[in-house]
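Take a look at the letters that make up each chain.
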Amino acid sequence: MIRANKYLIKGIVQGVGFRPFVYKLAMDYKLNGWVYNDSNGVTTEVEGEEDKIKKFIYDIENNHPPLASITSIELLSSKKSNGKYEEFSIRKSKTVDNREALIAADTNVCSDCLRELFDPKDRRYKYPFINCTNCGPRYSIIEDIPYDRPYTTMKYFPMCADCKKEYEDPLDRRFHAQPVACEKCGPKVWLTDKTGNEIKCDNAIQKAVGLLKDGKILAVKGLGGFHLMADPSNEKVVKELRRRKDRKGKPFALLSPSVESIKKFAIVNKHEHEILESIERSIVLLKKKESSAIAENVAPGLNEYGVMLPYTPLHFLMLKGNFDALIATSGNTSGDPIQYENKNALKSLSNTADYFLLHNRGIVIGIDDSIVRSITLGNDKKTYLIRRARGYTPKKVTLQGEYESGLAVGVELKDTVCLNRKNDFFVSQYIGDLKNLKIYDSFKKSIKHLKHILEANPKYIASDLHPNFYSSRFADEQKALPVFPVQHHYAHMASCMADNNINEKCIGVIFDGVGYGADGNMWGGEFLVGDYNDYKRYGYFDYFKLPGGDVAVKDIRRIGMSLLYEAFGESLFGQDLKVNKCLKEEEITVLSKMIEKGINSPLTSSLVRIFDGVAAIIGKRFEVDYEGQAAIELEHCIDKSIGLDNKYEYEINEDGEEAVVDIRKMIKGIVQDTLVGKDEGYISVLFHNTIIFIVAEVLVKMRKKYKVDKVVLSGGVFLNKYLVENTYDILTKNGFKVYTHSQVPTNDGGIS
Ligand code: ZN
Ligand code: ZN
Ligand code: FE
């Protein structure tokens, strides 16, 4: 029997080769009918034998093009038919008011394009902007929707006859690939000195490679913005890059042509290999090899490198056959947003880069590389986001239920924003620290841009409870919309619930830097219970003082002193500890007075600050130059030969209503071990284990009291691989259902 069925396919189905795919599929199954794009997605009517239509739909669902992602296939109508169509055709796109089509994220160059890139017989041989419907730029070039060439930065490049032919041929891999281009008609690269004067040469890319080999620093325009590139085996140039970027200890990311090359300096397991090669092409944190050609100052004091594979043809042309790795760090000066426009980059990076490799394909909005790591939860390997940007934005997070459209403005330090359309939530790319005026501008621009391309019309704003965050102040300034301030750690908890589509009461273990607490103190070691409507703070790490407030966040000796004071009173200030010896006598006097009297010493329960204090007490580090540095170094020095059951003592004081974790015994243990000369790897692992056991013990009490066994783990401290993996294990063994982040980061980048 012959039927004619009409379907609406929703999801990321435009600009990803979907219609040609449907067309070919219809040919294969000898079905007639048509397919077109509209603002809701892709609509198709197929006519033919029922079992063939079934197979056709099965293939659409299961064998679609790599960049497509289907959220629903809806059967709009089904009729008996006597053969009204004679062929299958791709019809012209229709525009419908209610735009629900989704925009794809930027994607790495596909294997077909890569083959052509290095094929001397191909007409795009060595053309640095080769792309097709399966690959290339998307989000970074879209100015408006629908996703069509005139609404992208490709509008300035009229297609040549050859490109046009491919663009219009439904059976071509480049059918309706909006960024399609070639040497004749498309964008170009050129090289300039730091003042913007073009350096005439036959091959700008080859010339750039030579300069990098000579120890020069280059600003290279890529897909989402500029990178600063340099040779990582050249200690002198790395040092110079640190000086020019005003970047002391923070590691530089590496760009490497192949996994084979990466294995020369880092250890890559099977899962890490997969995520390196995934279409998002994130920076992946990988364990360093004992010795390699990479200079020590690329990632000082750490046992990991952040490494990514090339994702643009330009990167491949630079790296392949030339380098095993290049430093590819965000093209900005300290604290500024990533540069993405030629003119501004030349202005702002002229003291940082020696040369500029520029191109003229416009970038609509700057977008950094994403950073991920592989973690093991039970028997599963999982990709864990640290920074969510290129390759992920604007992928959505879908929740069950209906939600009014809102805007969440996030936090201040690692900010992202989020907008929703019904139950689809769109988190922006990583924006950064809003205290920088230029970043605050890109925060505002990101909100405007997302609102525009998503056609979202928020009816309210959610902000952080902290009244002085730039994001909170921005929210308050939008007079037309009601603002709902949300406590920071409760937002972390809700974010992890949303990430896992949990819509019921659960427990939240939220370990963090600092967030503004409901009682006005600086929270950060919290045990919460609640749902999307409300929460209760059941437990926390007992408050200690942060002498000097923000000053202590950098000068962590102060935190060490504060924890010592809590545990011993003044008696330990003169003892033979490194942290004591690196303070002058009068500093100790002033500090002890501040701590004792609570002068300019806000109270905190923050886990990151506890890590800081412990690092200072054992003499690992006294000063941090980026958030979380001490915690990362403590994690990296863990002695893994020591089992989980080795830990320090602690107390949990519970009165039936709340539980307060007292770590003074742990601090005493750490001091004792330090004084007898135990090494830092030993102390660090015992310290981590203590935290893990504390979580397990508090949670058993909470389960008893609240009859809840679902647990979400969130907050920046859970970026710590040892901590998240072992906390997961111990809780799972204790019968809890444990959830961690997958779609957004566990740090403040996930808050919005
Ligand atoms: Zn391609
Ligand atoms: Zn062309
Ligand atoms: Fe946080």
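Our subject in this report is the structure included herewith.

Basis of the calculations
Residues numbered from 1 in each chain as written. Chains lettered and ligands numbered in written order. Predicted model: local features only at pLDDT ≥ 70, side-chain atom pairs only at ≥ 80, totals over all residues. Heavy atoms only, no water. Phe/Tyr/Trp six-rings, centres within 6.5 Å; stacked < 30°, edge-to-face > 60°. Buried < 20%, exposed > 50% of the residue type's maximum accessible area, 1.4 Å probe, protein only. Helix = DSSP H or I, 4+ residues; strand = E, 2+ residues; numbered from the N terminus. Lys NZ or Arg CZ within 6 Å of the ring centre and 35° of its normal. Pairing = 2+ DSSP bridges. Contact = heavy atoms within 4.5 Å. Axes fitted to C-alpha atoms, helices over the stretch in contact; angles between N-to-C directions. Polar contact = N/O pair within 3.5 Å; in protein donor to acceptor, adjacent residues only side chain to side chain. Donors = N, O, S within 2.8 Å, 3.2 Å for Na, K, Ca; no water. Salt bridge = Lys/Arg side-chain N within 4 Å of Asp/Glu carboxyl O.

## What to know about the packing of aromatic side chains
No. 1: Taken as a whole, this structure holds 18 aromatic pairs when the rule is applied.
No. 2: Arranged with centres 5.0 Å apart and planes meeting at 5 degrees, the rings of W34 and Y36 form a pair that is stacked.
No. 3: Relative accessible area serves as the criterion here: at 10%, Y36 is assigned to the buried category.
No. 4: An angle of 75 degrees between the planes, with centres 5.8 Å apart, marks the rings of F265 and Y305 as edge-to-face. Of this pair, F265 sits in the loop between α7 (259–262) and β10 (266–267) while Y305 sits in strand β12 (residues 304–308), and the two are 40 residues apart along the sequence.
No. 5: Each member of the aromatic cluster is reached from another via a ring pair, and the members are Y440, F443, Y470 and F474.
No. 6: Here the guanidinium or amino end of R387 rests over the ring plane of Y430, the centre of that ring lying 5.3 Å away.
No. 7: Over the ring of Y682 we find K678; its NZ or CZ atom is 5.2 Å from the centre of that ring.

## So, the sheet that holds strand β20 (residues 424–427)
No. 1: Across the sheet, 6 strands lie side by side as β17-β20-β19-β18-β21-β22; this open sheet has mixed pairing. Two strands lie at the open edges of the sheet, namely β17 (396–398) and β22 (483–486), each paired on one side alone.
No. 2: As defined by bridge partners, strand β19 (residues 418–421) adjoins β20 across 4 bridges and the pair is classed as antiparallel. Residue L419 lies in a different strand from β20, and its bridge partner there is F426.
No. 3: Its contacts with the sheet place helix α12 (residues 470–477) against β21 (461–464) and β22, and it is angled at close to 150 degrees to β21.

## With respect to helix α18 (residues 607–617)
No. 1: Of all 11 residues making up α18, 11 are buried, and the element is well covered by its neighbours.
No. 2: Measuring from the backbone nitrogen of V608 back to the side-chain oxygen at the start of α18 gives 3.2 Å, which picks out S606 as the cap.
No. 3: Just past α18, the residue G619 takes up positive phi, approximately 80 degrees.

## Considerations on the coordination of the iron ion (ligand 3)
Note on metal sites: the ideal angle is 109.5 degrees for four tetrahedral donors, and 90 or 180 degrees for six octahedral donors.
No. 1: Around the iron ion (ligand 3), the protein supplies H488 (NE2), H492 (NE2), D512 (OD), D512 (OD) and D748 (OD) as donor atoms, at distances of 1.9 to 2.6 Å.
No. 2: Along the chain, the residues donating to the iron ion (ligand 3) fall in the pattern H-x3-H-x19-D-x235-D. Taken as a pair, H488 in helix α13 (residues 488–499) and D748 in the segment after β31 (737–739) lie far apart in primary sequence, 260 residues in all. Take H488 and D748: they sit in the same class, and that class is buried.

## Describing the pattern of salt bridges
No. 1: Under the criterion given, the structure shown has 39 salt bridges.
No. 2: Residue K200 pairs with E198 through a salt bridge whose shortest N-O separation is 3.7 Å.
No. 3: Note that R621 is salt-bridged to E633, the shortest N-O span being 2.7 Å. Linking R621 in the loop between α18 and α19 (629–636) with E633 in helix α19, this pair joins segments that are 12 residues apart in sequence.

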